[in-house]
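# Overview (structure and organization)
Residues per chain are reported as follows:
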Amino acid sequence: MARLLITGGAGFIGSHTCVVLLEAGHNLLVLDNFSNSSPVALERLKSILNLNDRDSASRLQVFQGDVRDIDLLEKIFEKSELQSSPIEAVIHFAGLKAVEESVHDPLGYWDVNVSGSRTLLEVMDKHDCKTLVFSSSATLYGYPDIVPIPESAPINPINPYGASKAAVEMMLADVAGCLKDRGIKQASTTGWRIARLRYFNPVGAHPSGCIGEDPNGVPNNLFPYVSQVAIGRRGTLQVFGSDWPTSDGTGIRDYIHVMDLAEGHKCALDALVGSGPQLLTLNLGSGVGSSVLEVIRAFETASGREVPYKIVERRPGDAAITVADPTLAYKCLGWRTRRGLNEICRDGWAWQFANPNGYKGEVA
Ligand SMILES: NC(=O)c1ccc[n+]([C@@H]2O[C@H](COP(=O)([O-])OP(=O)(O)OC[C@H]3O[C@@H](n4cnc5c(N)ncnc54)[C@H](O)[C@@H]3O)[C@@H](O)[C@H]2O)c1
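Read on for an overview of the structure. Because the structure is predicted, anything quoted here is derived from the model rather than measured.

How each quantity is defined
- Residues numbered from 1 in each chain as written.
- Predicted model: local features only at pLDDT ≥ 70, side-chain atom pairs only at ≥ 80, totals over all residues.
- Heavy atoms only, no water.
- Helix = DSSP H or I, 4+ residues; strand = E, 2+ residues; numbered from the N terminus.
- Rg over C-alpha atoms; globule rule 2.2 N^0.38 Å.
- Buried < 20%, exposed > 50% of the residue type's maximum accessible area, 1.4 Å probe, protein only.
- Areas by Shrake-Rupley, 256 points an atom, 1.4 Å probe, with all protein chains shown as cover.
- Polar contact = N/O pair within 3.5 Å; in protein donor to acceptor, adjacent residues only side chain to side chain.
- Contact = heavy atoms within 4.5 Å.
- Pairing = 2+ DSSP bridges.
- Near = heavy atom within 4 Å.
- Nonpolar A, V, L, I, M, F, W, Y, C, P; charged D, E, K, R; others polar.
- Axes fitted to C-alpha atoms, helices over the stretch in contact; angles between N-to-C directions.
- Phe/Tyr/Trp six-rings, centres within 6.5 Å; stacked < 30°, edge-to-face > 60°.
- Parallel < 35°, antiparallel > 145°, perpendicular 65-115°, else oblique.
- Left-handed = near helix turned anticlockwise from the far one by under 90°.
- Disulfide = S-S within 2.5 Å.
- Salt bridge = Lys/Arg side-chain N within 4 Å of Asp/Glu carboxyl O.

## Focus on the overall build of the protein
- Scanning the protein from terminus to terminus reveals 12 helices and 15 strands.
- The C-alpha atoms of the protein give a radius of gyration of 20 Å, which matches the 21 Å a tight globule of 364 residues would have.
- A total of 364 residues make up the protein; the buried ones form 55% of that total.
- With an accessible surface of roughly 15300 Å², the protein has 51% of that area assigned to carbon and sulfur atoms.

## Topic: unusual backbone geometry
- Residue Pro148 is reached from Val147 by a cis peptide bond, and omega for that bond is 0°.
- Tracing the backbone through its elements, the reader meets Pro148 in the loop between β5 (131–137) and α7 (160–175).
- Backbone geometry at Asp128 places phi at a positive 55°, although glycine is not the residue there.
- The topology assignment puts Asp128 in the loop between α6 (106–126) and β5.
- On the accessibility criterion, Asp128 (59% relative accessible area) is exposed.

## Thoughts on the side chain of Glu263
- Inspection of the secondary structure puts Glu263 in helix α9 (residues 258–273).
- Of the polar contacts made by the side chain of Glu263, one reaches the side chain of Arg338; its length is 3.1 Å.
- When residues no more than four places from it in sequence are discounted, the contact partners of Glu263 are Val20, Trp335, Arg338 and Arg339.

## Quick word on the sheet that holds strand β10 (residues 252–253)
- The three strands are arranged β13-β10-β15 in an open sheet whose pairing can be described as mixed. The open sheet terminates on both sides in strands that have one partner only, identified here as β13 (290–291) and β15 (321–322).
- Sheet topology places β10 next to β15; two bridges connect them, and they run parallel. Paired with Ile252 across the two strands is Ile321, which belongs to β15.

## Overview of the site of the ligand
- Every one of the 27 residues lining the ligand counts as a neighbour, but Ile13, Asp32, Asn36, Ser37 and Tyr161 are closest to it.
- Within the backbone of Phe12, one N or O atom sits 2.8 Å away from an oxygen atom of the ligand.
- In the model, an oxygen atom of the ligand is placed 2.9 Å from a nitrogen or oxygen of the Lys165 side chain.
- In the complex, the protein chains occlude 96% of the 820 Å² of accessible area that the ligand would expose alone.
- Elements supplying a minimum of two residues to the shell around the ligand: α1 (12–23), β5 and α7.
- Per-element tally for the shell around the ligand: the top contributor is β5, with three residues.
- Here the shell around the ligand is built from residues that sort into 12 nonpolar, 11 polar and four charged.

## Focus on the sheet that holds strand β7 (residues 193–199)
- Strands sit in the order β3-β2-β1-β4-β5-β7-β12-β6 across an open sheet of eight strands; the sheet is mixed. The sheet terminates laterally at β3 (60–64) and β6 (185–187), the two strands that pair on one side only. Across the sheet, the mean angle separating the axes of adjacent strands is 15° when strand polarity is ignored.
- Relative to strand β12 (residues 278–284), β7 is paired through seven bridges, and the arrangement is parallel. Within β12, the position partnered with Arg196 by the bridge is Thr281.
- Against the sheet, α1 engages β1 (3–7), β2 (27–32), β4 (89–92) and β7, with an angle of about 170° to β2.
- Contacting β1, β4, β5, β7 and β12, α9 crosses the sheet at an angle of about 160° to β7.

## Some remarks on the packing of aromatic side chains
- Under the criterion given, the structure shown has seven aromatic pairs.
- Judged by centre distance (6.0 Å) and plane angle (90°), the rings of Phe299 and Trp349 are edge-to-face. In this pair, Phe299 sits in helix α10 (residues 292–303) while Trp349 sits in helix α12 (residues 341–354), placing the two residues 50 residues apart along the sequence. Taken as a pair, Phe299 and Trp349 share a single burial class, namely buried.
- In textbook terms, an aromatic cluster arises when at least three aromatic residues are bridged by ring pairs, as seen for Phe223, Tyr255, Phe299, Trp349 and Phe353.

## As for the packing of α10 against α12
- Contact geometry for α10 and α12: axes closest at 9 Å, N-to-C directions at 55°. Considering the angle they form, α10 stands oblique to α12. Handedness of the α10/α12 crossing: right-handed. For the pair α10 and α12, contact is made by Glu294, Val295, Ala298, Phe299, Ala302 and Ser303 and by Leu341, Asn342, Cys345, Arg346 and Trp349, respectively.
- The residue makeup of the contact of α10 with α12, split by class, is seven nonpolar, two polar and two charged.

## Some words on the state of the cysteines
- All chains considered together, the criterion is met by zero disulfides.
- Here Cys267 is not disulfide-linked; the sulfur of Cys332 is the nearest cysteine sulfur, at 12 Å.
- Here Cys332 falls in the partly exposed class, since its relative accessible area comes to 23%.

## Some remarks on the pattern of salt bridges
- All chains considered together, the criterion is met by 17 salt bridges.
- The partner of Glu213 in a salt bridge is Lys97, with the nearest N and O atoms 3.8 Å apart. Residue Glu213 is found in the loop between β8 (201–203) and α8 (222–231), and its partner Lys97 is found in the loop between β4 and α5 (99–104); the two are separated by 116 residues along the sequence.
- A relative accessible area of 43% means that Lys97 is categorised as partly exposed.
- The partner of Glu263 in a salt bridge is Arg339, and the shortest N-O contact between them spans 2.9 Å. Of this pair, Glu263 sits in helix α9 while Arg339 sits in the loop between α11 (327–333) and α12, and the two are 76 residues apart along the sequence.
- Of the residues examined, Glu263 reaches a relative accessible area of 18% and is grouped as buried.
- Through salt bridges with shared partners, a single ionic network connects Asp260, Glu263, Arg338 and Arg339.

Right under this line is the structure:
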């Protein structure tokens, strides 16, 4: 069992991954500045896992701070070494993720996502911690030519968020000494073991309903929006375009249950630790596409509530269909999604129903 640093571990994907890693027996250090999350999520982990105060003090340590703060990162690594339990690997979730916001604040996105990753890599290198799982994104494929999208598809980001993920991917290839950056599984010449995981559309929640997605302000993505309409927090859902070249005219996406995604991180970590230095680049998606109208219907069934919607103009920057080819993740990790749209809606609704206002108003 390893001691792991999880940056952004209080966030949506991070908190669910923490559950899976704690269940697997790992000890976690979470670094988060809570700019888009709540410490309450980490408290809830303890109840999901029945950790008492003594267990949680040793198994889940929380550091509030910024991933760009090199002194804080140094302290975290040094403290672990002094306790004779050095950090063996890092899962790096911390970052900004809103596409539209990135268009208005490109420098902010390059700073947090790219400079934050660079700072983290520098400290990891100094402390000879060379195993990293990085949160990349299918956004970097832009408008895909081939669907389902294989990892070998061109990288063609169409917004600053996607560009920042592409930049970190390139930095990681350089750090791993993989100059011909096109292979999916390449030997690293520098001793680094790195997985670049390209997520498709993470949704759903832990089946307990205790943790889930809690976006600040108006949700940018379909799922939390549908969920907030169903619970009555928002009036009508806007469906952007009904004239896409798809079966029902609405956009198609590859939705992945956040617990499947969390398990994918554990598999990636195991694969890195269990083999030599390498750079892995993998899509994490289900390979199944669902249209907006299919999502609405599935959510209505799961919740027993109506989700009123209105068709409006297409949004600039959207693609008609984005679906992963997840074959390589199965070949390299033995991982594939196990939960479908019905489980996604069931668990997402359980979270929304139990927490109509998310974590807001609750003190950790
Ligand atoms: N959710 C998605 O649709 C999606 C898709 C593809 C990739 N990703 C990537 O996965 C990662 C996790 O996404 P998520 O959905 O859990 O997002 P999230 O916003 O819920 O989680 C990110 C966490 O990082 C923290 N954070 C942000 N900036 C920080 C900083 N400077 N220092 C320390 N902590 C900081 C936030 O407070 C939050 O807890 C992100 O890197 C995101 O870009 C997400």
